[in-house]
Amino acid sequence: MHNPPMQRSAPRHEESATCWVMTDGRAGNLSSARGLAEVLGLPFSIKTIRLRRPWIWLPPSLSPPGILGAELEDGSPLAPPWPDLIITCGRRAIGPALEIKRRSGGHTKCVHIQHPRLDPARFDLVAVPAHDRLTGATVEVTTGSVHGITRARLNREADLWRDRLSHLPTPRVAVLIGGSNSAYRLDAETGRNIGAMLRDMAKATGTGLMVTGSRRTDPDAFKAVRNALADVPAEIWSGDGDNPYFGYLGLADRVIVTGDSVNMVSEAAATEKPVSVIRLPVVGRADKFERFHRAMEDAGAARSFDGTLADWDHRPLTDTARVAERVKALLSD
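Residues numbered from 1 in each chain as written. Predicted model: local features only at pLDDT ≥ 70, side-chain atom pairs only at ≥ 80, totals over all residues. Heavy atoms only, no water.

Visitor: Is there a simple way to think about the packing of aromatic side chains in this case?
Guide: The description of an aromatic ring pair rests on the distance of the ring centres and on the angle between the ring planes. Here the structure, examined in full by the defined rule, presents 3 aromatic pairs. Measuring from centroid to centroid gives 6.1 Å for W20 and W82, while their planes differ by 75°, and the two rings are edge-to-face. Here the residue W20 occupies a position in strand β1 (residues 19–23), and W82 occupies one in the loop between β3 (70–72) and β4 (85–89), the gap between them amounting to 62 residues. W82 matches W20 in its accessibility class, with the two residues each being buried. Pairing Y184 with F289 gives two aromatic rings, centres 5.3 Å apart and planes at 70°, and the pair type is edge-to-face. One end of the pair, Y184, is in the loop between β8 (172–176) and α4 (188–205); the other, F289, is in helix α8 (residues 287–298), with 105 residues separating them in the sequence. Note that K47 overlies the ring of W20, its terminal NZ or CZ placed 4.6 Å from the centroid. Its guanidinium or amino end placed over the ring of W161, R164 lies 3.8 Å from that ring's centre, counting from NZ or CZ. (Phe/Tyr/Trp six-rings, centres within 6.5 Å; stacked < 30°, edge-to-face > 60°. Helix = DSSP H or I, 4+ residues; strand = E, 2+ residues; numbered from the N terminus. Buried < 20%, exposed > 50% of the residue type's maximum accessible area, 1.4 Å probe, protein only. Lys NZ or Arg CZ within 6 Å of the ring centre and 35° of its normal.)

Visitor: Quick question: what am I supposed to make of unusual backbone geometry here?
Guide: For the bond from P80 to P81, the omega torsion is 10°, close enough to zero to count as cis. You can see P81 is positioned in the loop between β3 and β4. Here the residue pair T170 and P171 is connected by a cis peptide bond, since its omega of 0° sits within 30 degrees of zero. Residue Q114 is not a glycine yet carries a positive backbone phi of 90°. Relative to the elements of secondary structure, Q114 occurs in the loop between β5 (109–113) and β6 (125–129).

Visitor: Explain the pairing of β5 here, please?
Guide: In regular strands, side chains alternate between the two faces of the sheet. For β5, a buried count of 5 out of 5 residues is recorded, marking the element as mostly surrounded by other parts of the structure. Burial along β5 is two-sided: the residues K109, V111 and I113 and C110 and H112 are all buried. Relative to β5, β4 is paired through 5 bridges, and the arrangement is parallel. For L85, the partnering residue across the bridge sits in β5 and is K109. For β5 and β6, the ladder comprises 3 bridges, and the chain directions are parallel. Within the sheet, the bridge partner assigned to I113 lies in β6 and is A127. (Pairing = 2+ DSSP bridges.)

Visitor: Mind showing me how you'd approach the environment of T18 here?
Guide: If you trace the backbone, T18 turns up in the segment before β1. Residue T18 is classed as partly exposed on the basis of its relative accessible area of 38%. Through-space distance from the C-alpha of T18 to that of Y184 is 39 Å; in sequence the pair is 166 residues apart. Every residue in contact with T18, bar those within four places of it in the chain, is listed here: P43, P83, D84 and L85. (Contact = heavy atoms within 4.5 Å.)

Visitor: Help me understand the packing of α4 against helix α5 (residues 219–228), please; the structure alone is not making it clear to me.
Guide: Each pair of packed helices gets described by two things: the angle between the helix axes and the distance between those axes. The interhelical angle for the contact between α4 and α5, taken along N-to-C directions, is 25°, at an axis separation of 7 Å. One element, α4, and the other, α5, form an angle in the roughly parallel class. When the axes of α4 and α5 are compared, the crossing they make is right-handed. Together, A188, G191, R192, I194, G195, A196 and R199 of α4 and D220, A221, A224, V225 and A228 of α5 make up the contact between the two elements. Along the lines of polarity and charge, the residues of the contact of α4 with α5 split into 7 nonpolar, 2 polar and 3 charged. (Axes fitted to C-alpha atoms, helices over the stretch in contact; angles between N-to-C directions. Parallel < 35°, antiparallel > 145°, perpendicular 65-115°, else oblique. Left-handed = near helix turned anticlockwise from the far one by under 90°. Nonpolar A, V, L, I, M, F, W, Y, C, P; charged D, E, K, R; others polar.)

Visitor: Which parts of the structure should I look at to understand the sheet that holds strand β13 (residues 303–304)?
Guide: As a general point, the strands of a sheet are linked pairwise by backbone hydrogen bonds and lie either parallel or antiparallel. Ordered in space as β10-β9-β8-β11-β12-β13, the 6 strands form an open sheet in which the pairing is parallel. Looking at strand neighbours, the two that pair on one side only are β10 (234–237) and β13, the edges of this open sheet. Across 4 bridges, the pairing between strand β9 (residues 208–212) and β10 is parallel. Paired with T212 across the two strands is W237, which belongs to β10. Contacts between helix α7 (residues 262–269) and the sheet are confined to β8, β11 (254–258) and β12 (275–278), with β11 contributing the most and set at about 175° to the helix.

Read these as geometric descriptors, not functional statements.
Shown next as structure tokens:
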């Protein structure tokens with residue numbers, strides 16, 4: 001097969017570098033990759049990758065040269081000019097990103113978030129949580145996931161939502177509800193149990209609750225939580241109107257989050273507020289999740305929710321900032 005000639009670019013400067021965020025479009029993957037680009041402060045384009053058959057069924061190591069198996073979501077091809085930096089998350093973007101790196105003569109730097117299931121030396125940087133147990137010269141090990149939470153963003157969102165939530169008593173607690181996955185169950189019964197714990201805590205402490213679900217939240221589970229909180233001060237976002245997620249995090253004195261999402265727990269821990277994790281019923285292989293939760297507790301970034309507002313010597317995570325510094329070094333090298 002004939003491969004196109006390499007297309008080299010002019011020397012870059014970190015402050016003017018171009019960036020592509022390449023993912024499969026899944027919310028969690030896009031959130032991590034886009035979050036890193038936002039923290040870097042680079043202009044970036046979002047590229048949602050679609051793989052053709054049979055490549056969609058094969059591992060990234062078998063992606064063909066020439067990006068034959070990949071296209072953008074709108075059907076258009078991946079084409080130069082190639083960017084200075086590609087940030088990928090999710091396996092579908094790995095093969096195309098590495099091929100672009102080859103075609104650029106190594107000018108394009110490839111940063112991957114999550115375990116790539118390939119030799120990490122093929123990338124310029126891999127950001128992977130400790131529970132994935134990956135090491136190497138190009139690996140930056142994090143406690144949680146990479147995200148776009150910054151103090152400036154939380155302050156900005158808090159200002160936008162402060163008046164709309166001023167009726168809630170203090171302390172205010174943001175409650176982030178996820179959903180069932182292959183490891184945990186969050187059904188109506190679990191929702192009733194969560195709601196009862198939150199109701200009892202609010203009545204005992206006079207807490208104002210700011211509650212939001214996610215795309216994965218079972219409607220019956222969320223309804224059960226809502227019903228349980230009917231007689232306590234609570235603002236519950238049902239999905240209509242502006243999304244208050246970052247406003248809740250910015251205004252919260254504490255955060256309570258279900259343990260089914262590494263991203264949600266990691267974002268909560270970046271707020272610099274005490275974070276309590278609701279441990280859900282285990283229904284499948286939860287080894288990696290459990291290792292993650294233990295690592296978060298060992299780091300002082302989170303603790304299990306026991307129905308109280310007990311304080312402790314909590315420590316915010318700085319994972320994303322560390323990853324960003326390594327990426328900046330790559331771009332200025």
